[in-house]
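One-letter residues, chain by chain:
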Amino acid sequence: MHRSLPDVDLSAVANALQPHARPHRRRLVTNHTVGQALSPWYLCTAVAVLVLALMQAACVTINLPPGPGALEEHKVSGTGKDKVLLMDVSGVISSENKDGFYSSPGMLATVKEELERATKDERIKAIVLRINSPGGTVTASDIIYHELKSFKTSRKIPIVASIMDVGASGGYYIAAAADTVFAHPSTVTGSIGVIMLTVNARGLLEKVGVETNAVTSGPRKDMGSPFRAMLPEERAIFQGVIDGFYQRFLQVVQDGRPNMNGETIRKLADGRIYSGEQAKAAGLVDDIGYLEDAIELAKKKAGLTEAKVVTYRRPGEYQNNIYSRLVAPAPSLASLANIDLLSVVRGGSPQFMYLWMP
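As recorded in an unreviewed UniProt entry, the protein chain goes by Putative Signal peptide peptidase SppA and comes from Nitrospira defluvii.

Novice: Help me understand the overall build of the protein chain, please; the structure alone is not making it clear to me.
Specialist: The secondary structure content of the protein chain amounts to 10 helices and 12 strands. Here the protein chain holds 358 residues, and 41% of them are scored as buried. The long-range fraction of contacts in the protein chain, counting pairs at least 24 apart against all pairs at least 6 apart in sequence, stands at 74%. Taken as a whole, the protein chain presents about 19,800 Å² of accessible surface, with 55% of it coming from carbon and sulfur.

Novice: Could you clarify how one ought to interpret the packing of aromatic side chains in this entry?
Specialist: In this description, an aromatic ring pair is defined by two values, namely the gap between the centres and the angle between the planes. For the coordinates displayed, the defined rule picks out 6 aromatic pairs. Taking the centre distance of 5.0 Å and the plane angle of 70 degrees together, the rings of Y173 and F249 count as edge-to-face. Taken together, the residues span a long stretch of sequence, with Y173 in helix α5 (residues 170-175) and F249 in helix α7 (residues 232-256) at a distance of 76 residues. Comparing Y173 with F249 shows no difference in burial state: the two are buried. The interplanar angle of 70 degrees and the centroid separation of 5.5 Å between the aromatic rings of F245 and F352 together place this pair among those described as edge-to-face. Of this pair, F245 sits in helix α7 while F352 sits in strand β12 (residues 352-355), placing them 107 residues apart in sequence.

Novice: Which parts of the structure should I look at to understand the pattern of salt bridges?
Specialist: Two side chains carrying opposite charge are able to pair once their charged atoms lie near each other. Applying the stated criterion to the full structure yields 16 salt bridges. Salt-bridge contacts for R272 lead to D270; the nearest nitrogen and oxygen are separated by 2.6 Å. Residue classification places D270 among the partly exposed positions, given a relative accessible area of 46%. The network of salt bridges with shared partners includes R220, D222, R228, E233 and E234.

Novice: Honestly, the sheet that holds β12 in this entry has me stumped. Any pointers?
Specialist: Hydrogen bonds along the backbone pair up the strands of a sheet, which may run parallel or antiparallel. Judged by pairing direction, the sheet is antiparallel, and its 3 strands sit side by side in the order β4-β12-β8 without closing on themselves. Two strands close off the open sheet at either side, each with one partner strand: β4 (135-137) and β8 (195-196). Relative to β12, β8 runs antiparallel, the two being bridged by 2 bridges. Bridged to M196 within β12 is F352.

Quick notes on the rules
- Residues numbered from 1 in each chain as written.
- Predicted model: local features only at pLDDT ≥ 70, side-chain atom pairs only at ≥ 80, totals over all residues.
- Heavy atoms only, no water.
- Helix = DSSP H or I, 4+ residues; strand = E, 2+ residues; numbered from the N terminus.
- Buried < 20%, exposed > 50% of the residue type's maximum accessible area, 1.4 Å probe, protein only.
- Contact = heavy atoms within 4.5 Å.
- Areas by Shrake-Rupley, 256 points an atom, 1.4 Å probe, with all protein chains shown as cover.
- Phe/Tyr/Trp six-rings, centres within 6.5 Å; stacked < 30°, edge-to-face > 60°.
- Salt bridge = Lys/Arg side-chain N within 4 Å of Asp/Glu carboxyl O.
- Pairing = 2+ DSSP bridges.

In structure tokens form, the structure reads like this:
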């Protein structure tokens, strides 16, 4: 026998379904006689209608934001027609793109885009490079250094580096491209040197009963593998590569600190870190000061009495002062996810890094 769907008062259903509904609350109103006991069939039907109504109400439309766009110029402070460009090197230095809902350009691509735009803008008379980084990969650090040196050759405008919390290893490597290097009183800098990390997972694999085999064209093809111990002769090969990168680091520091001799630099470059004051006393930085001091010096070097401080940022980013968008580095394993340090566990090759990682 076909039964029609009864008319149900949904507000009454909601009241009736409350877990602690009191007995005196009114009963469901249907086409039955008021006060008549509600049968299980009617109750199930009412619950089904309520669920369908709630599901319909829960359907929402989500408008996705647009992907990252081109860099746009924004004024941060100051007045005048001429400009001082404030650039960021913040976080672990890597060539990887930034992963998220949308993949956005990483540090190398962003620095290159900023410098290319600045090259075409004759109103930009100086650059302040705000550095807050424990370093990163050897190649990424060297590329940013190279791009800054190339920009100086083409535009011949002053570049002033201002090291914030940390400007160590690759962060200091990049600062060496500037004409003047400022450090904050609480800056940590130095850590001049190279590090290569490997993982030996052989013992762990043996415990869980996993065996790995590599078929190679030569005995050194799998050197650095996380699945076996490193042989002494393989360590010597890696050491030779590291020594070459270290010599390049020393040369970069020498070029950036022409008043220091090579022997002095080598003594300072044993991997240790320095406070801002210690770095100034050693000759690794030029002065102690804040970001405002670096901006004023950049204006002075450019022969400007007034200028706008500008930055380049992508649509949707917010910046209203010279400290906006600053990302504090975290020199730890967690901060190295974007250079895939732990890829060695998955069989990837070790990475050579200009990095301070206590």
